[in-house]
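Each chain, written out:
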Amino acid sequence: MDYEYEINKWWVSNGEMLIEYADAIIFLLFLIAVLYIFIFSLASLKKMKNKYPPARKKYRFVVLFPAYQEDAVIINSVCSFMEQDYPSYMYELIVIADKMQERTMQTLKALPSITVLEVQYAQSTKTNALRLAMDYLSTKEEKCDMVVIMDADNIVNSSFLNKLNDAYYSGCLAIQTHRVAKNRNTNTAVLDAVSEEINNSIFRSGHTRLGFSSALIGSGMAFDYDWLRQYIYKAAHVGVDKQLEAMLLSQNIYIEFLEDVYTYDEKIQKKGQFYEQRRRWIATQFTNLFSGLWKLPRAFFSGNWDYCDKLLQWMMPPRVILLGFLIIFSFITTWYDWTLSFKWWGITFVLIFSFFMAIPDYLVDKRFRKAIFSLPILFLLMFFNLFRLRGANKEFIHTAHSDHSSDTN
């Protein structure tokens, strides 16, 4: 009883101070994440300049479409890409068709200037598909200069390859185009489209305006052929874009973001798909973080700020989680001691303001105002994902696409 009495006495004397210390430490961690988002959101508002003049040379491109059970969208995507205003003899389209229907295969093979690599993988992953395509390209006498990686549902404008050619001529070895939504037909799709553009503002346009590399996003990407041929075989089977990104940054290779070159991508339409996709993304983020931390001291002392920034980026929680926990802490501190809550409400509003700076005006409409009420549900889904990460970075999770996703505005 004396022991319990002493503990209670010590807590009465020191408990309040410990709570204040804990509050200050937790607040500092959240503050770092919020300031990071605010700074790059603000930088994204800077007016973009035309970076690359027309090239004096036409380079040869190979465009890869990994397609796993994508019968509903792949034909439309490749037919759309064939409308480039780039010389047709200077680019080749390759579809890596995995478990596709025979009718789709026949249609693809009948299209001019398209190579179809038919596979039946026991483990179907984008990495396997890309490796197969690189194996095929290495057997050809005519070498390409740059490899473009698309998703099976992606649509691009006719100037796509010309603008990539201008950037490659000016020395860009790795390029991310501006991926935007081609559908906003459900609340989940609307919020996914908004999330995509927030990412574009913070991790791509904001970064490149301050001299940092753009983040890669999985499709609408282009790489120097010789570099990709060497490093695609070093990537694991899930999260290939983030692994290629880490390899590029560790070598001090700058990743450019072409803000005026659009890749139209189908957004997640159902909450269940959102849940599974984000589970894989979070698991991949943490895996890449832990595998890359050992390189941090060397990157720091060698001045490789791009790589240091990437590790810091991977340390931060997903934005929905960040916003949700800030609101929760704000209410808790208001209930416990309202004098502690001012700073929490302050950074909560800074974060919300940062998000609105990062969202393009065209997305702030009736659909967005209606969809925003679904945020609490998405927060809960993301929160539960934190307890289901084990093995998620090793799973292949296929997101089915539809042929009725052209509801853009």
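Quick look at the structure, then. Bear in mind that the values here come from a model prediction, so they are computed numbers and not experimental data.

1. Here's the deal with the packing of helix H12 (residues 319–336) against helix H13 (residues 338–358)
At a closest axis distance of 8 Å, the pairing of H12 and H13 adopts a crossing angle of 155°. With respect to H13, the axis of H12 lies roughly antiparallel. H13 is crossed by H12, and the crossing has left-handed handedness. In contact with Arg-319, Leu-322, Leu-323, Leu-326, Ile-327, Phe-329, Ser-330, Phe-331, Thr-333, Thr-334 and Tyr-336 of H12, H13 contributes Trp-338, Leu-340, Ser-341, Trp-344, Trp-345, Ile-347, Thr-348, Leu-351, Ile-352 and Phe-355. Split into classes, the residues belonging to the contact of H12 with H13 amount to 15 nonpolar, 5 polar and 1 charged.

2. A look at the packing of aromatic side chains
By convention here, two paired aromatic rings are described through the distance between centres and the angle between planes. The full count for this structure, using the stated rule, is 20 aromatic pairs. Residues Phe-300 and Trp-305 carry aromatic rings whose centres are separated by 5.4 Å and whose planes lie at 80° to one another, so their mutual orientation is edge-to-face. Residue classification places Phe-300 among the partly exposed residues on the basis of a relative accessible area of 44%. Through pairs of rings, three or more aromatic residues link up here, namely Phe-27, Phe-30, Phe-329 and Trp-344.

3. Considerations on the sheet that holds strand S8 (residues 255–265)
Judged by pairing direction, the sheet is mixed, and its 8 strands sit side by side in the order S3-S2-S1-S4-S7-S6-S8-S5 without closing on themselves. Looking at strand neighbours, the two that pair on one side only are strand S3 (114–119) and strand S5 (155–156), the edges of this open sheet. Sheet analysis places strand S1 (residues 61–68) next to strand S4 (residues 146–149), joined by 4 bridges and oriented parallel. Pairing of Leu-64 across the sheet is with Ile-149, part of S4. Those strands touched by helix H3 (residues 102–110) are strand S2 (91–98) and S3, and its axis lies near 150° from that of S3.

4. Structural notes on helix H4 (residues 126–138)
In a regular helix each residue adds 1.5 Å, so 13 residues correspond to 18 Å; H4 covers 18 Å between its end C-alpha atoms and thus fits that length. Taken together, the buried positions of H4 are occupied by Thr-127, Asn-128, Ala-129, Leu-130, Arg-131, Ala-133, Met-134 and Leu-137. Tucked inside the fold, the buried residues of H4 contact S1, S2, S3, S4, helix H7 (225–231) and helix H8 (240–250).

5. Looking at a nonpolar patch on the surface
A surface patch of nonpolar side chains, amounting to about 400 Å² of accessible area, comprises Leu-28, Ile-32, Leu-293, Leu-312 and Met-315. Counting residues per element, the ones that place at least two in the nonpolar patch are helix H1 (2–43) and helix H11 (305–315). With respect to the element layout, Leu-28 can be found in helix H1. Leu-28 sits in the partly exposed class, given a relative accessible area of 47%.

6. Topic: the packing of H8 against H11
Where H8 contacts H11, the axes come no closer than 8 Å and their chain directions differ by 145°. Handedness of the H8/H11 crossing: left-handed. Touching Lys-242, Glu-245, Ala-246, Leu-249 and Ser-250 of H8 are Asp-306, Tyr-307, Lys-310 and Trp-314, all from H11.

7. Comments concerning the pattern of salt bridges
Going through the model one piece at a time under the given rule, you end up with 17 salt bridges. With a closest N to O distance of 3.0 Å, Arg-209 and Glu-259 form a salt bridge. Taken together, the residues Arg-209 in helix H6 (residues 187–209) and Glu-259 in strand S8 connect sequence positions 50 residues apart. A residue is classified by how much of its surface remains accessible, and Arg-209, at 18% relative accessible area, is buried. The partner of Asp-265 in a salt bridge is Lys-267, and the shortest N-O contact between them spans 2.9 Å. Of the residues examined, Lys-267 reaches a relative accessible area of 4% and is grouped as buried. Among the ionic contacts, a cluster of salt bridges with common partners joins Lys-126, Asp-151, Arg-179, Glu-196, Asp-265 and Lys-267.

What counts, and where the lines are drawn
Residues numbered from 1 in each chain as written. Predicted model: local features only at pLDDT ≥ 70, side-chain atom pairs only at ≥ 80, totals over all residues. Heavy atoms only, no water. Axes fitted to C-alpha atoms, helices over the stretch in contact; angles between N-to-C directions. Helix = DSSP H or I, 4+ residues; strand = E, 2+ residues; numbered from the N terminus. Parallel < 35°, antiparallel > 145°, perpendicular 65-115°, else oblique. Left-handed = near helix turned anticlockwise from the far one by under 90°. Contact = heavy atoms within 4.5 Å. Nonpolar A, V, L, I, M, F, W, Y, C, P; charged D, E, K, R; others polar. Phe/Tyr/Trp six-rings, centres within 6.5 Å; stacked < 30°, edge-to-face > 60°. Buried < 20%, exposed > 50% of the residue type's maximum accessible area, 1.4 Å probe, protein only. Pairing = 2+ DSSP bridges. Expected span 1.5 Å × (residues − 1). Patch = residues over 30% accessible without salt bridge, like charges linked within 9 Å, V, L, I, M, F, W, Y side chains within 5 Å. Areas by Shrake-Rupley, 256 points an atom, 1.4 Å probe, with all protein chains shown as cover. Salt bridge = Lys/Arg side-chain N within 4 Å of Asp/Glu carboxyl O.

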